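Descriptive structure summary
Chain residues, written in single-letter form:
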Amino acid sequence: MKAKKTYYIHTFGCQSNKSDSERIAGDYAARGYSEAKSWQECDDLIVNTCAIRQRAEHRARGFLHGVVVHFHKLGKQRPKIILTGCMVHHGYDKLYKMMPMVDEILPINEVGFNQAAIRKDKKHAWIPISTGCNSFCTYCIVPYSRGREQSRPFEEIMQEVERLVAEGYSEITLLGMNVNSWGLEKVGIGFRKMMMEHQEFTREDLPSNQSQYLTPEGIPPFVKLLRAVTAFDEIVKVRFMSSNPWDFHEELIAEVGKNKKIDRYVHLPVQSGSDAVLYRMNRGYTRQQYLDIVTKLRTADPEIVIGTDIIVGFPGETDEEFADTVDLAKQVDWKVGFVAMYSPRPGTASWKLYADDIPHKVKKKRWEILDQIINKDNLQERPIVV
Ligand code: SF4
């Protein structure tokens with residue numbers, strides 16, 4: 001009998017990529033492939049890339065170089081290399097030049113939501129509920145790499161939840177780049193087209209309404225979805241990420257407060273504690289608006305803990321602006337903070353508009369200060385619960 005062809009997926013980056021890889025695995029299984037134990041022994045090697053920072057791209061390129069060297073040394077035929085994920089935004093021509101060992105490029109949206117995922121975890125499942133992003137934060141590559149935001153239909157999500165419940169799953173994380181804008185009505189966006197067609201634009205040309213969606217009347221769709229998912233008796237815990245401040249409506253705060261099946265940990269990226277930096281980032285909220293959401297969440301349930309993402313060394317970040325972020329960290333007391341040093345991503349608005357003018361050693365120092373305050377000092381103060 002002819003042996004089954006095998007695949008192996010090497011995943012870089014965020015949880016969305018890991019979730020996409022589960023669907024790619026489902027796609028390969030549906031085509032009769034079996035999973036190889038390692039990339040050294042597969043027929044098809046799928047590399048799911050991340051482009052959020054330059055370093056992430058270097059890691060993918062370094063990995064592929066290592067694969068080529070490995071097989072060359074052994075004098076063996078290397079596997080077919082298929083590249084997917086966020087680096088696809090570079091375009092085919094550039095990618096084939098950048099990484100000549102790549103045999104095929106697979107845009108992630110061709111895998112589709114409907115592909116049954118192969119999950120290793122049998123208790124907790126990641127469910128993508130939207131893809132892409134309509135919010136053009138100036139530093140971010142996602143709106144270009146993953147395209148416009150699309151919400152997955154309610155019925156389709158619920159069918160997947162039902163299947164998972166039948167298989168014995170009890171914990172679910174709903175995933176989206178801006179998960180809490182799921183199902184909202186679009187205002188319309190023209191910025192990307194403008195950016196692609198015209199070389200020149202200013203910060204003022206960027207869409208002013210960060211959400212790009214109409215404010216919902218009544219209960220926001222995402223709250224209705226949370227209620228529907230938590231209505232299953234078998235589901236005991238629901239998480240969601242990443243939520244963003246501009247679509248964190250009052251009704252969502254109230255729902256998180258009272259619906260105890262929703263995890264008490266809320267991840268709410270702030271990126272900076274300085275209004276001026278937030279403006280340059282086009283985040284669409286002020287420090288005070290962020291603080292208001294935090295206060296309301298903690299009023300709704302004092303047990304709620306909050307985590308965040310922060311970028312230090314954004315172009316033009318002065319000592320005073322950085323001090324505002326330090327001050328906010330002390331005020332909010334985040335449980336966890338993913339602090340990153342700014343690195344310009346070619347093609348993004350900040351790359352076009354601003355010089356990367358903060359020296360690396362200043363970025364590093366700022367990173368250390370925030371990491372200490374948020375992640376290390378907190379650990380000493382809080383008992384670790386196992
Ligand atoms: S909300 Fe902003 S940071 Fe998040 S994916 Fe969209 S553009 Fe990027």
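Residues numbered from 1 in each chain as written. Predicted model: local features only at pLDDT ≥ 70, side-chain atom pairs only at ≥ 80, totals over all residues. Heavy atoms only, no water.

A few points about the overall build of the protein chain
Cut-off, in case you're wondering: Under the scheme used here, helices are H or I runs from DSSP no shorter than 4 residues and strands are E runs no shorter than 2 residues, and both carry numbers assigned from the N terminus. For this measure, only C-alpha atoms enter the radius of gyration; the expected value for a globule follows 2.2 Å times N^0.38, where N is the number of residues. The buried label goes to any residue with under 20% of its type's maximum accessible area, the exposed label to any with over 50%, and the partly exposed label to all in between, with areas taken from a 1.4 Å probe on protein chains only. Per-residue accessibility takes into account occlusion by the displayed protein chains alone, with areas from the Shrake-Rupley method and a 1.4 Å probe. Positive: Lys, Arg. Negative: Asp, Glu. His and the chain ends are not part of the count. Charged side chains are reduced to one point each, which is NZ for Lys, CZ for Arg, CG for Asp and CD for Glu.
The helix and strand tally for the protein chain stands at 13 helices and 13 strands. Taking 21 Å as the expected radius of gyration for a compact globule of 386 residues, we find that the protein chain reaches 22 Å, a close match to that expectation. Within the protein chain, the proportion of its 386 residues that are buried is 54%. Per element, the accessible surface of the protein chain, about 18,400 Å² overall, is 54% carbon and sulfur. A gap of 6 Å separates the mean positions of the 53 positive and 51 negative side-chain charges of the protein chain.

Topic: the confidence of the model for the protein chain
The line we're drawing: Along the chain, pLDDT gives the predictor's confidence residue by residue, from 0 to 100. Pairs of residues are marked as contacts when any of their non-hydrogen atoms sit within 4.5 Å.
Confidence in the prediction of the protein chain, expressed as mean pLDDT, is 90, and 91% of residues score 70 or more. Every residue in residues 382–386 is under pLDDT 50, and counting partners more than four places away or in other chains gives four contacts.

Side note on the sheet that holds strand β11 (residues 265–267)
The cut-off we apply is this: Pairing between two strands is assigned when DSSP locates at least 2 bridges connecting them. Lines fitted to C-alpha atoms define the axes here, with helix axes fitted over just the stretch in contact, and angles between the N-to-C directions of these axes take values from 0 to 180 degrees.
Strand order in the open sheet formed by three strands is β11-β12-β13, and the pairing between neighbours is parallel. Since the sheet does not close on itself, it has two edges, and those belong to β11 and β13 (336–341), each with one partner. Strand-to-strand twist across the sheet, computed as the mean angle between neighbouring axes with direction ignored, equals 15 degrees. As paired elements, β11 and strand β12 (residues 305–312) share three bridges and run parallel to each other. Paired with V266 across the strands is I306, a residue of β12. Contacts from helix α10 (residues 287–300) reach β11 and β12, with the element oriented near 165 degrees to β12.

Here we look at unusual backbone geometry
Peptide bonds are trans in most cases, and residues, glycine excluded, mostly fall at negative phi. Geometrically, the link from M241 to S242 is a cis peptide bond, its omega value of -10 degrees lying close to zero. Topologically, S242 is positioned in the loop between β10 (237–241) and α8 (250–258). Here the phi dihedral of Q271 falls at roughly 75 degrees; this positive angle occurs in a residue that is not glycine. Inspection of the secondary structure assignment puts Q271 in the loop between β11 and α9 (275–281).

Observations regarding the pattern of salt bridges
Selection rule: We count a salt bridge whenever a side-chain nitrogen from Lys or Arg sits within 4 Å of a carboxyl oxygen from Asp or Glu.
For the structure on display, the rule yields 27 salt bridges. As a salt-bridge pair, E255 and R227 come within 2.9 Å of each other at their nearest N and O atoms. Within this pair, whereas E255 is found in helix α8, its partner R227 is found in helix α7 (residues 221–230), the two being separated by 28 residues in sequence. In this structure R227 comes out as partly exposed when scored by relative accessible area, which is 36%. Between R366 and D319 there is a salt bridge; the shortest N-O distance is 2.7 Å. Here D319 lies in helix α11 (residues 319–332) and R366 lies in helix α13 (residues 360–381), a separation of 47 residues in the sequence. Note on R366: relative accessible area 5%, which makes it buried. Counted as one network, the salt bridges with shared partners bring together E22, R23, R119, R152, E156 and E160.

Considerations on the nonpolar core
Stated formally: Note on terminology: a nonpolar core comprises buried Ala, Val, Leu, Ile, Met, Phe, Trp, Tyr and Cys residues joined through side-chain atoms within 4.5 Å. An automatic or database domain assignment supplies the residue ranges for each domain.
Core analysis: the largest hydrophobic core is formed by 65 residues, its most contacted members being L174, F222 and W334. In terms of residue count, α7 provides more of this core than any other element does, six residues in total. Split by domain, the residues of this core number at least three in each of domain 2 (121–257) and domain 3 (264–386).

Overview of the pairing of β10
Side-chain alternation along β10 places V238 and F240 on a buried face and K237, R239 and M241 on a face that remains uncovered. Sheet analysis places strand β9 (residues 171–175) next to β10, joined by five bridges and oriented parallel. Looking at the pairing, E171 lines up with K237 of β10.

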